[in-house]
Amino acid sequence: ANQNCESVHIRKMTVRGATTTEIEFDADPGLSTGDHIILGDGIECLQDCTDEQLAVVKGVHAYGNSGTYNVGVQVIATADVNRFLLPVGWTGTVPQFDVVSHQGQWSRTSA
């Protein structure tokens with residue numbers, strides 16, 4: 001299920017609007033529309049970003065007073081096999097996310 005997550009990294013993330021964020025991989029990640037992924041290490045807030053917004057886009061949420069639980073975020077394929085859309089976005093002040101060294105980690109949670 002996670003055959004490409006070790007060798008293919010997220011290189012860029014851009015909020016495209018009120019309901020969409022685009023993620024760009026450095027190669028074809030082997031994902032299809034409907035797959036769910038969790039974004040991991042290397043994905044950080046850059047500007048105008050809260051911990052809650054980062055949790056939503058990563059698909060990992062705080063659980064009570066300690067720990068986290070993985071919800072995942074559904075991906076939507078585009079014509080470019082290296083780019084996918086997440087159904088997550090914001091209006092008003094739009095957060096900016098950083099992908100450290102273009103090496104964002106991810107894992108697929110659906111088969």
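Quick look at the structure, then. In this convention, every chain numbers its residues from 1, walking through the sequence in written order. Residue-level local features of this predicted model are given only where pLDDT is at least 70; pairs of side-chain atoms are given and counted only at 80 or more, and the full residue set underlies all totals for whole chains, interfaces and linings. With hydrogens and water excluded, all non-hydrogen atoms of the structure serve as input to the side-chain values.

A closer look at the sheet that holds strand S2 (residues 21-25)
Spelled out, the test is: DSSP-based pairing: two strands are paired if at least 2 bridges between them are found. Going along the chain from the N terminus, every DSSP run of H or I of four or more residues is numbered as a helix, and every run of E of two or more is numbered as a strand.
Here we have 4 strands laid out as an open sheet, ordered S1-S2-S9-S8, and antiparallel in their pairing. Strands at the two margins of the open sheet, each flanked by one partner only, are strand S1 (10-15) and strand S8 (76-77). Note: S1 against S2, 5 bridges, orientation antiparallel. Paired with Ile-10 across the bridge in S2 is Phe-25.

Thoughts on the pattern of salt bridges
This is how it is decided: Any carboxyl oxygen of Asp or Glu that lies within 4 Å of a side-chain nitrogen of Lys or Arg is treated as forming a salt bridge with it. When a residue's accessible area, from a 1.4 Å probe over protein chains only, is under 20% of the maximum for its type it is buried; when over 50% it is exposed; and in between it is partly exposed.
The full count for this structure, using the stated rule, is 6 salt bridges. Taking the shortest distance from any N to any O, the salt bridge between Glu-22 and Arg-16 comes out at 3.0 Å. Of the residues examined, Glu-22 reaches a relative accessible area of 13% and is grouped as buried. Judged by relative accessible area, Arg-16 falls into the partly exposed class, the value being 48%. With a shortest N-O distance of 3.1 Å, Asp-35 and Arg-108 are connected by a salt bridge.

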